[in-house]
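Read off the chains here:
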Amino acid sequence: MTRTFRMTFIEPDGTPREVAAPEGLSVLEIARRNGIDQLEGTCEGSMACSTCHVIVDPKWLDRLDPVSEEEEDLLDLTVGLTETSRLGCQITMTEDIDGLVVNLPVEHSNMLND
């Protein structure tokens, strides 16, 4: 049986949106299941774009797996990059991050269509 946790997406206008976050799903998959369209995920989570860029609340950053070199390379090309930027396809929900808070950026770039 899959456990379900909670996470919060902060909309660009500051509105929090708390959603169910099943264990083992990525932040991108959780966003899609909950109709959060700001995370486009053009490459379907294959790490070929940056359209699932999120800004992780700093208090959660140390609980996440480290950024891979491949993810870092894509993040370098991301619009609105911050020190806590991550790709939503690379964050997998676990008990350790139950309650995760991520901010949705105002804009993103789609390198597959640019």
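Above this text is the structure in question.
For clarity, every value in this text was computed on a predicted model and none was experimentally measured. Here the residue numbering is sequential within each chain, running from 1 through the sequence in written order. Whole-chain, interface and lining totals are the exception, using all residues; otherwise, since this is a predicted model, local features are given only for residues with pLDDT of at least 70 and side-chain atom pairs are given and counted only at 80 or more. Note that the side-chain values use all heavy atoms of the structure and ignore hydrogens as well as water.

Draft legend 1. Looking closely at the pairing of strand β5 (residues 100-103). At least two DSSP bridges between two strands are needed for those strands to be called paired. Think of it this way: any DSSP run of H or I at least four residues long counts as a helix, any run of E at least two long counts as a strand, and we number them from the N terminus. Two elements, strand β1 (residues 4-10) and β5, share 4 bridges in a ladder whose sense is parallel. Bridging across to β5, I10 finds its partner in N103. Sheet topology places strand β3 (residues 53-56) next to β5; 2 bridges connect them, and they run antiparallel. Bridge pairing in β5 links V56 to V102.

Draft legend 2. Spotlight on the nonpolar core. Counting 30 residues, the largest nonpolar core has M7, F9 and L100 as the members making the most contacts within it. Broken down by secondary-structure element, the contributors of at least two residues to this core are β1, β2 (16-22), α1 (27-33), β3, α3 (69-75) and β5. When near neighbours in sequence (up to four residues on either side) are disregarded, M7 contacts R17, E18, V19, A21, V27, I30, M93, G99, L100 and V102. Nonpolar core, defined: a set of buried Ala, Val, Leu, Ile, Met, Phe, Trp, Tyr and Cys residues in which side-chain atoms within 4.5 Å join the residues together. A simple rule labels every residue: compare its accessible area, found with a 1.4 Å probe on the protein chains alone, to the largest value its type can have, and call it buried under 20%, exposed over 50%, or partly exposed in between. Whether two residues are in contact is decided by their heavy atoms: any pair within 4.5 Å suffices.

Draft legend 3. Just the packing of aromatic side chains, in detail. Whether two aromatic rings pair depends on their centres lying within 6.5 Å, for rings of Phe, Tyr and Trp, where Trp uses its six-membered ring; planes under 30 degrees apart make the pair stacked, over 60 edge-to-face, and the rest tilted. Inspection of the entire model under this criterion finds 0 aromatic pairs. Of note, R63 hangs over the ring of W60, and the distance from its end group to the ring centre comes to 4.3 Å. Lysine and arginine charges are scored as sitting over a ring when NZ or CZ, respectively, is within 6 Å of the ring centre and within 35 degrees of the ring normal.

Draft legend 4. Spotlight on the side chain of H53. By secondary structure assignment, the location of H53 is in strand β3. Between N or O atoms, a polar contact is any pair within 3.5 Å; within protein, one atom must be a potential hydrogen donor and the other a potential acceptor, and residues adjacent in sequence are included only when both atoms are from side chains. Side chain to side chain, H53 and S85 meet in a polar contact 2.7 Å long. If sequence neighbours within four positions are ignored, H53 has contacts with L39, L75, T78, V79, G80, S85, R86, L87 and P105.

Draft legend 5. Structural detail: the sheet that holds strand β4 (residues 85-87). Taking strand neighbours across the sheet as the criterion, the 5 strands line up as β2-β1-β5-β3-β4 in an open arrangement whose pairing is mixed. For this open sheet the edge positions go to β2 and β4, each flanked by a neighbour on one side alone. Sheet twist, expressed as the mean angle between neighbouring strand axes with direction ignored, is 40 degrees. Examined bridge by bridge, β3 and β4 share 3 bridges and lie antiparallel to one another. Within β4, the position partnered with I55 by the bridge is S85. The angle between two axes is taken between their N-to-C directions and runs from 0 to 180 degrees, where each axis is a line fitted to C-alpha atoms and a helix contributes only its stretch in contact.

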